[in-house]
Structure formats: structure tokens, C-alpha cells
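The chain contents come next:
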Amino acid sequence: MAVDIINRELPADLIAYDDPENYEERYEEERLLGDVLVEKPNTDEYESRCVMVFGIPAVGSDRLPKLKNVLGKLFGLTNPDYHDHYPLDADGKTNGYCFVEYPSKEIADTAVQLLDGHVLDKNHTFAAYNMIEIRNIKEPDPDWKPPTAKPYVDVGNLWWWLHETPQALRCEDQFATQEENSRTGNKQLTIWWNARGQEPYEVDVVVDGHKAKATRDNWSEQVIFKWSPEGSYLATMHQKGVVLWAGPNFEKFQRFEHNLINFLEFSPKETYLVTYARDDYYRNAHVDNTLKIFDTFTGELKKTFTPLRHGRLADWPFFKWSADEKYFGFSRHGQIHIFETEHFELLNKVSIEMDGLITFDWNPSKNLISYYCEERINASAPAEIGVMEIPTKQVSRAARIFSVSTANLFWQKAGNYLAAHTERYSSRKIKDGEVKLGGIVSHLEIFDCSKKDVSVQTFQLPEPFVSFGWDPKAEKFCVLVGTVNKVTPLVYKIDHGRPVPSLISQIEPGLQLNTVSFAPQGGWLSVYGSGSNAGHVYFIDTNGAQATRTRIVEHSSMNYGAWDPTGRFFVTCAVGHHRMENGFRIHTFQGREISRRVIDGLARFRWRPRPPSKLTEQQMREIRKNLKTISKKFEEEDRKEQAKASEELIEKRRKIMEAFDIVRNANRKNYEHEAEERFKLR
């Protein structure tokens, strides 16, 4: 018998879906429906894809199609898949703004960078904003007043430590250390002189008319502090932004407001300062992913970027600068975005499209970029490593190589050579969803960029690649090969008469070596194991026909090493928590230890950079020609300094001896006075 379930009447209590009276929810919706609520549509998802463009021409409906055609060419540069909308007033005219919707937030962000500040004609300059930014705009403060001009702060000579001090005559350099108390969190930043023939000592300053030392508690509220590239400024990080200090007394020179920043970086000639506040929550307040570029001297905000909606930047520095600071750029989603600093606009209004792009880098002295695009197996496209001219965007030379699993790029500081390390495989298999590569061999590609026609030398390394470093001024380089427990430094020289570089020296293998560091003036290099248990450092002289190791030093737990800006001294440091003995040791360029200091809680050590030499090539040739005569003057000063140090040491010892004699004579009188009493006690 069929049962009519649909039309059957059910008891009233079975079709009442309301909660009983006084019922209380025991669980929140987020707990029961968390996986479903994640997919709940969010207004931000749609608004983040929409861009509002101000400053467009106001035209009637008859001219609107032509306007759409002109602007559409600009809107479509980022992505041709877009939708635009032009609100009209009562008279049918545009209101001077429009809306553009893109397929994704990332594309919309790129469009904002392209359109913001674009000059359409002499009467129309665009201002572009993401709709989320527009929605978050608040009403202006009714008590707002125009900012008053800040008076110029004259801190004196920015390069004072190179000109106006007795230490400058002795060619002494400065460095900064920061130590952190793990119990209290207090941070102490100190500026030191690296003195010749004596221990480092603190720099003297004048504060409120009183002589003091250049050391302050919480001078930088974070572990990170930074010298500018030419040493003019000391940058410290604070909750509200960055402060620059300069002059003989390290006075406050400039402030840059950027709440809760995490990183900072200078452009190569320290004209610009870049700050970054990553995506985070601080005391329940959301901190957006924001990059800001400031003018270092005036403090003016030049450009703001929001590279990611959520998460954090994987690499820092995010921006890469040309040596002359005319351009800077970054790479994302197979595109290189190059901006010019005259107007802070995208170069030629177009990004550089590159399939499989992994990374790029600027030549340190010329307007060239190197790039690496990974191999695309599905498209049968090889890996590509090349050199491109800027601003023409013409590729000078490209090496296309199959079976490359990874690559690294290394520019020589002089900008004449580019080295590309590639790992090549002979077999590729997919098993259980995992790609397994076999027969991996390390290679080096050397691009000669000293001439207009860029040539490439390719050769295979005898063992697996570990690290690489260029001599900054000579046609030599050092490459580390081997395994963790046996790493061999190989020193090569570019030989234009041969198809590959010549191996001039093979240094004895070492334990856990992983870093190559040439002295700033070249010739000498250090090879060490950063973060290794062994803490070995090789000092190698490459000035002759063959490279020779002069000394091996050991600094257990070292995890940082650096040359001073002149290349005369090399420091090894054990910094951070969980180190056996925090502190630093300073060595000569030959590896002889001249200073050692233990600092509990040492968190950071940085040499103060020197500005580029202002001497002409002719003046430098004259100095080299008369070096023997000039050096006699410095040798005489060294002898006087040593004699003075000896006299000071003798005087110090004499005073100690006099103090000892006073104590000894007083105790001798007591001893003689008590002689009879001691005799009775026998």
C-alpha cells in the first residue's frame, strides 16, 4: 500500500524548528561550522580587486566611448581582463573618476602602482587607490592644522670621523655593538673606536654640554640597527618608526614615521630609506603589509607599496636598486617591475614579463640586471640566465640551459663579471608524486660584461658547490666545493686567452667552511664556517701568482664575520643567545689576533662604512708612485704612537708599583710591631 508521505500531516511538535524557550547555545558557530564559514563570501575579496582612479577627464556621454578607448589601453596594460564603470552626473557627464575591477587582488595592486601618478596630459594626473583603502578613509580631524616647517638640524660634518679627529690621522675606524639582557630585555648600543696598538675604546660625545660616552640604553628598541652605506647616518628602530643620528655627537637628524616596523634598508647612495611593517597583530591592532620609501635628507614620503595582502615577505631587501639610484625594482608572479626615481613611476609604464622568473639582481656599477628563469618541463623550455640593459630592456646575452634544477647569481663589485652557479641533473623521475633528480653536477657560467659584446665561459666544478665570492677589483674568484666535513677552497683567475678560467690554487680542505669574503680592496680573502661548531677561519693571500693560506684561526660558536671598510682588519663574532661565549675578536688581514672582548648578550656587530674615495685616478697613481716616501711619514707616526704607548704603560706600571709599596710598607710596620707577640705564641 502506497503511503502519501508528502501530503501526510505530521504532528505539530515534529515540524516546530524553533528552539525551546530559555534554550542557551552551548557551542559557537565558529566551532561547529568553522570549515564552512571559511568559505563565506567576504566583502574585502571583491573590494580588493577594485581600483578607483581619480583625475580622469570630465566629458559628456557623446565623448565617453572615446575616453573609454583611451583609458582602456592603460587599464589593460596590467591585465586585459577588466571591467570599468564611469559614474555620470545629472547632466550625463563623468565625475572625474571611475572604477576598474580586475580578476585578483594582486593584479589590482599592480594596476595601482602603474596608474597612481600617471600623467595623462598637462591637465590630468591620475591618483589610484584600492577600494579597501577608500573605504578605510576616515573623516579629517576637525582640529587639523597645516604642518609647520621643521627647522634644519645642523649636526655638523657628516663625515667628521674621517677628518676632524686625531683618530682620523691614524686612519682608525669605528664600529657599533648592541648587547641584549635576556632577563630584562634591555638593549645597549655602543659606538667604538678600533684603535691601533690598543684595545677598542668608546667614542666620546658631548651631551647637554657634558662629556659622555657614545653608549645608550634602548637607543634602538629592536636588535636591528643599521649604518647607512656611506657611514653618514646611524639608523635605529622604534615602535613608531626610524630615527637617523649623525654628527660628532650623534644628534637626532631625521625621523620617519612607520608604526611597528620590522625591517629597514638604504639605497646604495643613502638618498632613500625603505621601511617595512609586516602583516601581524600587535595588542589586537592589525598591522598591514606596508613598504614605504622616504627621502633620507628631507624625510618626505616618496612612495608606498603593499606587496602582499596577508603573510610576510620572504626576502629582504624587497627592493633592488641600481648603483646610480635612478631605478629600483622588485619581482613578482613572473614580472620584474622597474621604477624610475625621478617621478617614482613604473619605467615606460610596462613591467617586464618573464615566464618562470625566479630572481633578478642589479649590476653594482652599471645599469644592467641579471635574471634567472627556471626550466619549464611542461613547455619544453630550458632555464635561462641572462643580462639585460636598463632602461632599453634589451637582452645583452642569455644562456639557455636544459636540465637545471637551481641557480644562483653573483655580481663582481666592479660590475665587470657575473657568475652563475647552476646545478644540472642527468636523470629525472617521478615516484609517489615526488620528483627525484639523479646525477647532479655543479657548473659555473662566467659572463664577461666588461665589453659591449657579452661573452660566456662555462665549466664544471670537480665537487658539489658550497659557496662563491669575487675579488672586488681583480679578475679572480674563490669557490668552495665539497661536503660538510671536507670543503676545499679553489681560487681561479679569468684568462682571456683560454675558454675557461684558470685554477691558480687549491687550498687544503677545511671543516664546515661555508662562506667566502674578500677584503674590500681585494687581494686578501677569508673563508670561514658561519654558524659551524668548528669555527675555523682561513686567511688567504691571492695577490701573487698563486694563492697561499697565511693562517688558520679558531673561534668556537662564531656565526658572523666581516672585514672593516679598509680591508686591514677582520672581525669574528659569536652573537645571539645560546652561544658558549658571546663576544668578538679582531684580527689583522693576515689572521693575527690583536683584540678579544667577551660581551654577554652580544646581539649585533657592524663596522661603520666609509664613503667612496673622492680622489681622482691621477691622484691615486701619484700616491702609488710616491708610496715609499709617503709611508715613511706614517711609519714615523707609528713609532711615536708605540713609544707613547710604551711610556703610558711604564707610567701605569710605576703607579701600580707605588701603590703596592705603600700597602707593603704599612703591612711591614704591623708585621715588625707584632713580632714579639708572635714569639710568645711559639
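Every residue gets a number counted from 1 within its own chain, in the order that chain's sequence is written. This being a predicted model, a pLDDT of at least 70 is required before a residue's local features are given, and a value of 80 or more before pairs of side-chain atoms are given or counted; all residues contribute to the totals for chains, interfaces and linings. Excluded from the side-chain calculation are hydrogens and water; included are all heavy atoms of the structure.

Notes on the packing of helix α4 (residues 64-78) against helix α5 (residues 105-115)
- Convention adopted: a line fitted to C-alpha atoms gives each axis, helices being fitted over their contacting stretch, and angles between N-to-C directions are expressed from 0 to 180 degrees. Each helix corresponds to a stretch of at least 4 residues labelled H or I by DSSP, and each strand to a stretch of at least 2 residues labelled E; elements are numbered beginning at the N terminus. One can describe the packing of α4 onto α5 by two numbers: an axis separation of 8 Å at closest approach and a directional angle of 130°. When the interaxial angle is binned, α4 and α5 end up oblique. Read as a crossing pair, α4 and α5 show a hand that is right-handed. Touching Leu74, Phe75, Leu77 and Thr78 of α4 are Ile107, Thr110, Ala111, Leu114 and Leu115, all from α5.
- Residue type decides the class: Asp, Glu, Lys and Arg count as charged, Ala, Val, Leu, Ile, Met, Phe, Trp, Tyr, Cys and Pro as nonpolar, and the leftover types, Gly among them, as polar. Its residues assigned to classes, the contact of α4 with α5 shows seven nonpolar, two polar and no charged. Roughly parallel means an angle under 35 degrees; roughly antiparallel means over 145; roughly perpendicular covers 65 to 115; every other angle is labelled oblique. Handedness of each helix crossing follows the sense of rotation of the near helix against the far helix: counterclockwise by less than a right angle gives left-handed, clockwise gives right-handed. Should any heavy atoms of two residues lie within 4.5 Å, those residues are counted as being in contact.

Digging into the sheet that holds strand β47 (residues 569-574)
- The rule for pairing is simple: two strands pair if DSSP sees at least two bridges between them. If you trace the four strands from one edge of the open sheet to the other, you get β46-β47-β48-β49, paired in antiparallel fashion. Across the chains shown, the open sheet's two edge strands, defined by having one partner strand only, are β46 (560-563) and β49 (593-598). Between one strand axis and the next, the sheet turns through 15° on average, direction left out of account.
- Sheet topology places strand β48 (residues 583-588) next to β49; five bridges connect them, and they run antiparallel. If you follow Arg585 over to β49, its bridge partner there is Arg596.

Quick word on the side chain of Arg608
- Relative to the helices and strands, Arg608 resides in the loop between β50 (602-607) and α8 (617-625).
- Classification of residues uses two cut-offs on accessible area relative to the type maximum, computed with a 1.4 Å probe and protein chains only: under 20% is buried, over 50% is exposed, and between them is partly exposed. Only four residue types enter the charge count, namely Lys and Arg as positive and Asp and Glu as negative; His and the chain termini do not. Criterion for a salt bridge: a side-chain nitrogen of Lys or Arg within 4 Å of a carboxyl oxygen of Asp or Glu. Buried and unpaired, Arg608 has no salt bridge, with Asp173 as the nearest side chain of opposite charge at 8.2 Å.
- Side-chain polar atoms of Arg608 contact the side chain of Gln174, separated by 2.8 Å.
- Within 3.5 Å is the distance limit for a polar contact, defined as a pair of N or O atoms, with the added protein rule that one can donate a hydrogen and the other accept it, and that residues adjacent in sequence qualify only through two side-chain atoms. Within the local environment of Arg608, its side chain forms a polar contact with the backbone oxygen of Gly231, the two atoms lying 2.9 Å apart.
- With sequence-adjacent residues up to four places away left out, Arg608 is seen in contact with Leu158, Trp160, Trp161, Asp173, Gln174, Phe175, Trp227, Gly231, Ser232, Phe250 and Pro565.

Points about the packing of aromatic side chains
- Only Phe, Tyr and Trp rings take part, Trp by its six-membered ring, and two of them pair if their centres are within 6.5 Å. Stacked means planes under 30 degrees apart, edge-to-face means over 60, and tilted covers everything else. Tallied over the entire structure, the rule returns 49 aromatic pairs.
- Measuring from centroid to centroid gives 5.5 Å for Phe605 and Trp607, while their planes differ by 80°, and the two rings are edge-to-face. An identical accessibility class is assigned to Phe605 and Trp607; each is buried.
- Stacked on the ring of Phe225, the Lys or Arg Arg604 has its end atom at 5.6 Å from the ring centre. For a lysine, the NZ atom is tested; for an arginine, the CZ atom; a charge sits over a ring if that atom is within 6 Å of the ring centre and within 35 degrees of the ring normal.

Section: the nonpolar core
- To define a nonpolar core, start from buried Ala, Val, Leu, Ile, Met, Phe, Trp, Tyr and Cys residues and group those joined through side-chain atoms within 4.5 Å. Formed by 21 residues in total, the largest nonpolar core has its most connected members in Val53, Leu71, Phe75, Tyr86 and Tyr102.
- Elements that contribute at least two residues to this core include exactly β1 (50-54), α4, β3 (97-101) and α5.
- When neighbours within four sequence positions are excluded, Val53 is seen to be in contact with Phe75, Gly96, Tyr97, Cys98, Val100, Leu115, Phe126, Ala127 and Ala128.
- With 17 residues, the next largest nonpolar core counts Trp219, Phe225, Trp245 and Phe250 among its residues.

Observations regarding the pairing of strand β7 (residues 173-180)
- By the criterion of burial, β7 is predominantly enclosed, with six of the eight residues buried.
- Between the antiparallel neighbours β7 and strand β8 (residues 187-194) lie six residues, among them Gly185 with a positive phi of about 80°.
- As judged from the five bridges shared by β7 and β50, these two strands associate in the antiparallel manner. In the strand pairing of β50, Ala176 is matched with Arg606.

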